[in-house]
Amino acid sequence: MSDFSEELIRPTTEDEQEEPHVPSGTGMCLPWLQKHIETIATGGKQEKDFAQTTSACLSLIQEALLKHQWQRAAEYMHSYFQILEDSDSNKRQIAPEIIWRLGSEILYYHPKSNVETFNTFADRMKNIGVMNYLKISLQHALYLLHHGMLEDANRNLSQAETWRYGEKSSSQEVLINLIQAYKGLLQYYIWSKKKMELSQLDEDDYAYNTASQNMLNHSWKTSINLCALIQIPGVWDPFVKSYVEMLEFYGDQDGAREVLTNYAYDEKFPSNPNAHIYLYNFLKREKAPREKLISVLKILYQIVPSHKLMLEFHRLLRKSGVILPGFKKSGTPGKTGGQAFTSATFGQKVIGRKIKLWLVRKLW
């Protein structure tokens, strides 16, 4: 682990030289640590002193992170690695995850950090904390995606997808499904690019058939990876949107409707306004009956009554001859409306003017 921040070490400033320093055992000096461990003695107190040292380092790392002092945090991490040798088995077991969370945060923001340093740290932590292999692999892949390294991210996810340790637990299964789903998003991104390329080709062109077949292959792989995840209760907005877009593109309206309906109405899933928004927009594209649109927006109204789609909700209600409680036919609040509604101003111009809508406000 000595490579963790070798590239990040900067020369000690004059201000730091005035403060007490304690050797870290890695050739580095750790400012401020002296006052936390100056009472440490040898002999029968070694285990207690060891715990005090690692505890002091952890506190100083957390303090440095809160103050965005990335260099200082990196220096303390050198000393904190000794937690991996703690005599307490429980501490040794959770140490790799703590080190990964702290170290990845430092390397993400440190001005001297780079992709190579992050990759080295991530690979070593996967070997040290095997129980955290899947989590680290997923976060590593997201880091690579952030830096536009799509092939490396996909390779990282593929390796994690086939990884197993001991008996397969429910938590491992969820993580593997999530890893597969992110692979699906990568494939969806490629599919989207090919879709754009296809739109620029003539249907009679030979290249059109080749591009179309490539799109179909990617959509098939994406469907497999996304389908398993969105059946697990949770909030999977980007995955659902990607899957539905492909289903619609290939004309599977029934499949898209079923996915969105389950996502919005399945009681096992948490309350999610976006699920109802996606379903409403899909039904609107399908030119569904007004009553169906109203039924979807009615639920959205109960979850987020101040959502901008409430303007359409009120318009649909008026066309159906239904008046929203607390409103006059003109769409303005009635005399008693102020008692039950709170003013919500939507900053966007609707039909050329600003509209004030009085709605019950709920936190979501």
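I will try to describe carefully the structure that is included in this document. Just so it is clear, the structure is predicted and the values come from calculations on it, not from any experiment.

### Focus on the overall build of the protein chain
Move 1: Secondary structure assignment for the protein chain yields 16 helices and four strands.
Move 2: Out of the 364 residues in the protein chain, the part that is buried amounts to 42%.
Move 3: Summarising the internal contacts of the protein chain: among those between residues at least 6 apart in sequence, 55% fall at separations of at least 24.
Move 4: For the protein chain, the computed accessible surface area is about 20700 Å², with 51% contributed by carbon and sulfur atoms.

### Things to note about the packing of aromatic side chains
Move 1: On inspection of all chains with the given rule, the structure shows 15 aromatic pairs.
Move 2: Between Trp100 and Phe121, the aromatic rings sit 5.6 Å apart at their centres with planes inclined by 15°, giving stacked as the arrangement. Residue Trp100 is found in helix α5 (residues 89–109), and its partner Phe121 is found in helix α6 (residues 115–128); the two are separated by 21 residues along the sequence.
Move 3: With a centroid separation of 5.8 Å and an interplanar angle of 45°, the aromatic rings of Tyr301 and Phe313 are classed as tilted. Taken together, the residues span a long stretch of sequence, with Tyr301 in helix α14 (residues 290–303) and Phe313 in helix α15 (residues 310–319) at a distance of twelve residues.
Move 4: What makes Phe313 buried here is its relative accessible area of 4%.

### What to know about the nonpolar core
Move 1: Formed by 83 residues in total, the largest nonpolar core has its most connected members in Ile99, Leu134, Trp236, Phe239 and Val240.
Move 2: In this view, Ile99 contacts Met77, Tyr80, Phe81, Ile83, Leu84, Ser104, Phe121 and Met125; residues no more than four positions away in its chain are not counted.

Cut-offs applied
Residues numbered from 1 in each chain as written. Predicted model: local features only at pLDDT ≥ 70, side-chain atom pairs only at ≥ 80, totals over all residues. Heavy atoms only, no water. Helix = DSSP H or I, 4+ residues; strand = E, 2+ residues; numbered from the N terminus. Buried < 20%, exposed > 50% of the residue type's maximum accessible area, 1.4 Å probe, protein only. Contact = heavy atoms within 4.5 Å. Areas by Shrake-Rupley, 256 points an atom, 1.4 Å probe, with all protein chains shown as cover. Phe/Tyr/Trp six-rings, centres within 6.5 Å; stacked < 30°, edge-to-face > 60°. Core = buried A, V, L, I, M, F, W, Y, C linked by side-chain atoms within 4.5 Å.

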